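The chain contents come next:
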Amino acid sequence: MAATLAGEAAARDADGAFPAASFQALREAGLLTASLPTSLGGQGVKGAALLTLLRQIGRASLPVGRVYEGHVNALGLIQRYGTSAQLARAARDADRGELFGVWNTEDGPGLRLEAGPGGLTLVGGKTFASGLGHVTRPLLPAEAREGRMMVLLPTGREPGVPDPSFWQPLGMRATVSGRVDYSGARVQQEDLIGQPGDYYRQPEFGGGALRFLAVQLGGAGAVVASARAALRELGRAGDDVQRLRFAEVAVRLEAAWQVTREAQRRLDALPDGADPAPLLAYVALARTATEDACLLAAEAAERAVGARGLLAPWPTERLLRDLRMYLRQPAPDAARLAVGAWLLDAPDAGDPWEEA
Ligand SMILES: Cc1cc2nc3c(=O)[nH]c(=O)nc-3n(C[C@H](O)[C@H](O)[C@H](O)COP(=O)(O)OP(=O)(O)OC[C@H]3O[C@@H](n4cnc5c(N)ncnc54)[C@H](O)[C@@H]3O)c2cc1C
């Protein structure tokens, strides 16, 4: 399966089409339902096992990893906040190969859910909608009078007006992350998942960052592997400068991965109703460690392979573009600030990362 993903990645980067063969392979491997409970036909993959799966998929193809992470996220939100009927339907749809996604990012006034005499209607749209035209069941957080509501439109009803021209990215082209306008789309009561405000409920919302960190670390692993292949091909892998360069990268990437796994362990162990602040500070630590490690890996790969290694047919150039693009996640400076604040505002001089 990893070979299918990696094999399709270069072609889809070149033509900008969605990696349909990769998702067919994921479906055949049972991975579209893997995160669902076994009672619903899934494999109950969650926690650290889910992070490992995301890292493996991200290593094979960062664009596929991004879209798959959205699929898993949507199913998780339905599992956590939806009714049993909504979850059963989602499980059936995923088993049939329907692709889910979470489209939260927006610009301007964003997406609103308005109640009128004729019922509920959407106004506005989303940007960075990964898998646009291929995700058949997008979960759309929309601002309503009572707070932010999750709307899960059924396949085929109210597909929105897509604007793929928005998507002219540095990398991650195959995610087809366009803009979409839902103005005028009709929403039924049964399309609503959970209660107002559930989407941003903590610690699940902040802890969700751990999934994209796993995908990013997979992408960084692919960059390192391709730089390694280029160095070996050029007969330069034995050079001490290159060895020192990659030693630093190995330490930072592995440390980031272990901190990410530890953050997931803490998230899984957090009792219901506990103060999420220490966990969220630890997630910010994992975000910061991962961003720094991945940027270091990208720079090391560029320096190591040089211009010759950044030409096709070496995959390093594409993998670097994908990684640098996907590293851009919301408010990275705020995450770094949260780490510093947690350390400097701690009431005593003990270990700020020790679990209570
Ligand atoms: C390939 C790809 C696929 C994506 N797919 C999806 C998807 O399917 N669904 C979805 O919902 N989203 C998606 N996104 C969007 C993603 O989740 C982020 O919202 C987006 O990447 C963040 O972009 P940004 O770098 O502009 O973030 P920003 O948060 O705007 O950060 C940019 C810079 O601004 C700074 N900054 C942030 N906030 C402030 C502030 N208030 N004041 C001052 N400075 C600030 C940051 O520290 C940083 O320096 C996707 C993104 C990518 C790259």
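Keep in mind the model is a prediction, meaning the values are calculated, not measured. (Residues numbered from 1 in each chain as written. Predicted model: local features only at pLDDT ≥ 70, side-chain atom pairs only at ≥ 80, totals over all residues. Heavy atoms only, no water.)

### Some thoughts on the nonpolar core
The nonpolar side chains of a soluble globular protein tend to be buried, and buried together.
Reasoning step 1: Of all hydrophobic cores here, the largest spans 86 residues; its most connected members are Y68, L113 and L122.
Reasoning step 2: Apart from residues no more than four positions distant in its own chain, L113 is found in contact with L120, T121, L122, A142, E143, A144, M149, V151, V187 and L192.
Reasoning step 3: L77, A90, L152 and Y199 belong to the second largest nonpolar core, which has 17 residues in total. (Core = buried A, V, L, I, M, F, W, Y, C linked by side-chain atoms within 4.5 Å. Buried < 20%, exposed > 50% of the residue type's maximum accessible area, 1.4 Å probe, protein only. Contact = heavy atoms within 4.5 Å.)

### Brief notes about the layout of surface pockets
Reasoning step 1: By volume, the second largest pocket is sized at about 460 Å³.
Reasoning step 2: Lining the second largest pocket are 20 residues, with P278, W342, E354, E355 and A356 sitting closest to its centre.
Reasoning step 3: Sorting the residues of the lining of the second largest pocket by element identifies α8 (240–269) and α9 (277–309) as the ones contributing at least two each.
Reasoning step 4: Classifying every residue of the lining of the second largest pocket by side-chain character gives 13 nonpolar, one polar and six charged. (1 Å grid on protein atoms, 1.4 Å probe; cavity = no way out; pocket = protein on both sides within 12 Å on 5 of 7 lines; lining within 4 Å. Points joined across faces, edges and corners; volume = space filled by probe spheres on them. Helix = DSSP H or I, 4+ residues; strand = E, 2+ residues; numbered from the N terminus. Nonpolar A, V, L, I, M, F, W, Y, C, P; charged D, E, K, R; others polar.)

### Things to note about the side chain of N73
Reasoning step 1: Topologically, N73 is positioned in helix α4 (residues 62–81).
Reasoning step 2: When near neighbours in sequence (up to four residues on either side) are disregarded, N73 contacts V102 and R211.

### A look at the UniProt feature "domain: Acyl-CoA dehydrogenase/oxidase N-terminal" (unreviewed entry) in the protein chain
Reasoning step 1: Mapped onto the present numbering, the UniProt feature "domain: Acyl-CoA dehydrogenase/oxidase N-terminal" (unreviewed entry) falls on residues 4–90.
Reasoning step 2: Measuring from the first to the last C-alpha atom of residues 4–90 gives 26 Å, for a span that is 71% helix and 0% strand. (UniProt positions renumbered as here; feature names shortened; annotations may be inferred.)

### Side note on the UniProt feature "domain: Acyl-CoA dehydrogenase/oxidase C-terminal" (unreviewed entry) in the protein chain
Reasoning step 1: Residues given the UniProt feature "domain: Acyl-CoA dehydrogenase/oxidase C-terminal" (unreviewed entry) here are residues 208–326.
Reasoning step 2: A helix fraction of 83% and a strand fraction of 0% characterise residues 208–326, whose end C-alpha atoms lie 15 Å from each other.

### Focus: the sheet that holds strand β4 (residues 125–129)
Reasoning step 1: If you walk across this open sheet you meet the three strands as β4-β8-β7, and the pairing is antiparallel. Pairing within the sheet leaves two strands with one partner each, and these edge strands are β4 and β7 (161–163). If you compare each strand with its neighbour and ignore which way they point, the axes differ by 20° on average.
Reasoning step 2: In terms of strand pairing, β4 meets strand β8 (residues 178–181) through three bridges, oriented antiparallel. In the sheet register, A129 faces β8, and the bridge partner there is G178. (Pairing = 2+ DSSP bridges. Axes fitted to C-alpha atoms, helices over the stretch in contact; angles between N-to-C directions.)

### Some points on empty space enclosed by the protein
Gaps left between atoms show up when a probe the size of a water molecule is rolled over them.
Reasoning step 1: Applying the stated criterion across every chain, the model contains three cavities of 30 Å³ or more.
Reasoning step 2: What the largest cavity holds in volume is close to 90 Å³.
Reasoning step 3: In terms of lining, the largest cavity is formed by F212, L213, Q216, R287, T288, E291, L327, Q329, P332, A335 and R336.
Reasoning step 4: If you list the elements that add at least two residues to the lining of the largest cavity, you get α7 (209–233), α9 and α11 (332–344).
Reasoning step 5: Here the second largest cavity defines a volume of roughly 40 Å³.
Reasoning step 6: Taken together, A9, A60, S61, L62, P63, G219, V223, R318, L319 and D322 form the lining of the second largest cavity.
Reasoning step 7: Those elements that provide at least two residues to the lining of the second largest cavity are α4, α7 and α10 (316–326).
Reasoning step 8: Looking at side-chain class alone, the lining of the second largest cavity contains six nonpolar, two polar and two charged residues.
Reasoning step 9: Here the lining of the second largest cavity spans two domains, and each of domain 1 (2–99) and domain 3 (202–344) adds at least three residues to it. (Domains from an automatic or database assignment.)

### Structural notes on α7
Reasoning step 1: With 25 residues, α7 ought to run about 36 Å at 1.5 Å a step, and its terminal C-alpha atoms sit 36 Å apart, in line with that.
Reasoning step 2: Of all 25 residues that make up α7, 20 are buried, and the element is covered over most of its length.
Reasoning step 3: Looking one or two places after α7, you find G235, whose phi comes out positive at around 70°. (Expected span 1.5 Å × (residues − 1).)

### Some words on the packing of aromatic side chains
Reasoning step 1: Enumeration over the complete set of coordinates arrives at seven aromatic pairs.
Reasoning step 2: Geometrically, the ring pair formed by F128 and W167 is edge-to-face, given 6.1 Å between the ring centres and 80° between the ring planes. Of this pair, F128 sits in strand β4 while W167 sits in the loop between β7 and β8; the two residues are 39 residues apart in sequence, bridging distant segments of the chain.
Reasoning step 3: Its relative accessible area of 12% is what places W167 among the buried residues.
Reasoning step 4: Both rings, one in Y282 and one in W353, keep their centres 6.0 Å apart while their planes meet at 75°; by these two values the pair is edge-to-face. Of this pair, Y282 sits in helix α9 while W353 sits in the segment after α11, placing them 71 residues apart in sequence. (Phe/Tyr/Trp six-rings, centres within 6.5 Å; stacked < 30°, edge-to-face > 60°.)

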